[in-house]
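Spelled out from the first residue to the last, the chains are:
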Amino acid sequence: MVSSTVKTKSLCAAGVFLTAALVVVSLFVGKYPLSIRELLDGNELQWRVFLTLRASRTLVGVIGGFALGTAGFVYQTVFHNPLASPDIIGVSSGASAGAAAGILFLSGATAVTVSSFAGALLAVVIVLGLSSLDRNGKKGTIVLAGIAVHSLAQTALMCLKMTADPERQLASIEYWIMGSLSGISSYSIAGNILLCILCLGVLFPLHRQIILLSGEEGETRMLGVSVGKLRLFVLLTATLAVSAVVSLTGLISFVGLLAPHGARLMTKNNRPGTMLLGGLLGSCLLTGADILARSAAAAELPVSIFTSLLGAPFLIILIIRRKSI
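Residues numbered from 1 in each chain as written. Predicted model: local features only at pLDDT ≥ 70, side-chain atom pairs only at ≥ 80, totals over all residues. Heavy atoms only, no water.

Engineer: Sorry if this is basic, but what is going on with the overall build of the protein here?
Structural biologist: On a plain count of helices and strands, the protein comes out with 14 helices and zero strands. Traced from its N-terminal end to its C-terminal end, the protein shows the element sequence α-α-α-α-α-α-α-α-α-α-α-α-α-α. Here the C-alpha atoms of the protein give a radius of gyration of 20 Å, agreeing with the 20 Å that 2.2 N^0.38 yields for 325 residues. Principal-axis analysis of the C-alpha atoms places the extent of the protein at approximately 65 × 55 × 35 Å. For the protein, the residues scored as buried account for 50% of the 325 residues in total. (Helix = DSSP H or I, 4+ residues; strand = E, 2+ residues; numbered from the N terminus. Rg over C-alpha atoms; globule rule 2.2 N^0.38 Å. Buried < 20%, exposed > 50% of the residue type's maximum accessible area, 1.4 Å probe, protein only.)

Here's what the structure looks like:
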């Protein structure tokens, strides 16, 4: 127990150090070169780029990645499935359909952000509403409802794409679906970041209850836990955090799946430290992928390309190490 706790604390410390290092790199990597010397000299343009673009983008990478990793931990624990992700209850597909509707019928990045958030939230409310009709509160009911809502949202997305202008609107929809932090600035992130922090502030104190949800429902009820209500509340909170991120960045693949799974493989437990490590791995993945997305080519590339390229080998290494132990 002691050695496991020490190992988890060491891994979390390493995660904090790596996140801090990536933050420093992220603040100074981009098409417009920033200089510490010119910042210290008070160069107005340098400070404007630093505060408006780089700092806000880095903040979304760190907080957004942490929220995705933590939410992934919640999904995987509650559903007792290491492959669980935001897709399982329709948040990603709902956000996609909402963003597509915003691109087609509204104008401006803020409108698209609000529309995608509304789409994600609507999808999840429908899923949780359908699952609440099952008085037994079984996990499978939420999964089945999520699959149904995901299919409906994908159908709506296809219909919207068919009516989109191929040269402008369709390209914007496809680019949003691939995910990017390029449109982020200090003017657009405050509400989303605050919502992420609020949701995280709710989830971490509920860690013990979240772990109980992964056990047998009969035993959990014997401990005095209202399984159905607690599950709905925890999943809704985690989904709000994911919605706040994807409505800003577009769909980001792999982070919510890999980060908590990787943390669990490294610590081999489900304690609060593992949940924290999952969030830190999410921060490292999203921030590192964003650095590569804006520096690997002349034109900025979608972030999801790099979250997959960084994440898949890391997961393979962890699985191989686990098999060899």
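Engineer: Is there a simple way to think about the nonpolar core in this case?
Structural biologist: By size, the foremost hydrophobic cluster in this structure holds 65 residues, and its most contacted members are Val74, Tyr75, Phe79, Ile210 and Val234. Counting residues per element, this core draws most heavily on helix α11 (residues 227-249), at 11 residues. Excluding anything up to four places from it in sequence, Tyr75 contacts His80, Ala84, Ser85, Pro86, Ile89, Val91, Leu235, Ala238, Thr239 and Val242. Core analysis: the second largest hydrophobic core is formed by nine residues, Phe66, Ala259, Leu277 and Leu281 among them. (Core = buried A, V, L, I, M, F, W, Y, C linked by side-chain atoms within 4.5 Å. Contact = heavy atoms within 4.5 Å.)

Engineer: Help me out: how do you make sense of unusual backbone geometry in this one?
Structural biologist: Among all residues save glycine, negative phi is the norm, and among peptide bonds the norm is trans. Even without being glycine, Phe254 reaches a positive phi, approximately 80°. Here Phe254 lies in the loop between α11 and α12 (255-267). Of note in this structure, Lys268 is not a glycine but carries a positive phi near 60°. Following the sequence through the fold, Lys268 ends up in the loop between α12 and α13 (272-295).

Engineer: Is there a simple way to think about the side chain of Thr239 in this case?
Structural biologist: As for its position among the elements, Thr239 is in helix α11. A distance of 2.8 Å separates polar atoms of two side chains, one belonging to Thr239 and the other to Tyr75. Not counting chain neighbours up to four residues away, the residues in contact with Thr239 comprise Tyr75, Ile89, Val91 and Val124. (Polar contact = N/O pair within 3.5 Å; in protein donor to acceptor, adjacent residues only side chain to side chain.)

Engineer: I tried to follow the packing of helix α4 (residues 91-105) against helix α5 (residues 109-132) on my own but got confused; where do I start?
Structural biologist: Helix-helix packing: each pair is described by the crossing angle between the helix axes and the interaxial distance. Contact geometry for α4 and α5: axes closest at 6 Å, N-to-C directions at 145°. You can see that α4 and α5 cross each other, and the crossing is right-handed. Here α4 contributes Val91, Gly94, Ala95, Gly98, Ala99, Ala101, Gly102 and Ile103 to the contact with α5, which in turn contributes Val112, Ser115, Ser116, Gly119, Ala120, Ala123 and Val124. The residue inventory of the contact of α4 with α5, partitioned by class, reads nine nonpolar, six polar and no charged. (Axes fitted to C-alpha atoms, helices over the stretch in contact; angles between N-to-C directions. Left-handed = near helix turned anticlockwise from the far one by under 90°. Nonpolar A, V, L, I, M, F, W, Y, C, P; charged D, E, K, R; others polar.)

Engineer: Teacher, can you tell me more about helix α3 (residues 44-78) here?
Structural biologist: An α-helix turns once every 3.6 residues. As a result, residues three or four positions apart point the same way. Its 35 residues place the ends of α3 49 Å apart at the C-alpha level, agreeing with the 51 Å of an ideal helix rising 1.5 Å per residue. Along its length, α3 shows its largest kink, about 35°, at Phe50. Burial within α3 is extensive, with 27 of its 35 residues counted as buried. The N-cap residue of α3 is Asn43: its side-chain oxygen and the backbone nitrogen of Leu45 are 3.1 Å apart. Directly after α3, the chain includes His80, whose backbone phi takes a positive value near 55°. (Expected span 1.5 Å × (residues − 1). Bend = angle between axes of the 7 residues up to and from the residue.)

Engineer: I'm lost on the packing of α3 against α13 in this one. Help?
Structural biologist: Two elements in contact, α3 and α13, have axes whose closest approach is 7 Å; the angle formed by their N-to-C orientations is 140°. Judged on the interaxial angle alone, α13 and α3 are oblique. Pair α3 / α13 crosses with right-handed handedness. Across from Arg54, Arg57, Val60, Gly61, Val62, Gly64, Gly65, Phe66, Gly69, Thr70, Phe73 and Val74 in α3, the residues of α13 making contact are Thr274, Met275, Leu276, Gly278, Gly279, Leu280, Gly282, Ser283, Leu286, Thr287, Asp290 and Arg294. Of the residues contributing to the contact of α3 with α13, the split by class is nine nonpolar, 11 polar and four charged. (Parallel < 35°, antiparallel > 145°, perpendicular 65-115°, else oblique.)

Engineer: I'm lost on the pattern of salt bridges in this one. Help?
Structural biologist: Between side chains of opposite charge, a pair can form when the charged atoms approach closely. By the definition in use, this model includes five salt bridges. The shortest N-O distance in the salt bridge between Asp290 and Arg57 comes to 2.8 Å. In this pair, Asp290 is assigned in helix α13 and Arg57 in helix α3, connecting sequence segments 233 residues apart. Taken individually, Asp290 and Arg57 each receive the classification buried, so the pair is uniform in this respect. The closest approach of N and O atoms between Arg294 and Asp290, which form a salt bridge, is 2.8 Å. Taken together, the positions of Arg294 and Asp290, both in helix α13 and four residues apart, correspond to about one turn of that helix. When its relative accessible area of 4% is taken as the criterion, Arg294 is described as buried. One salt-bridge network, in which partners are shared between bridges, spans Arg57, Asp290, Arg294 and Glu300. (Salt bridge = Lys/Arg side-chain N within 4 Å of Asp/Glu carboxyl O.)

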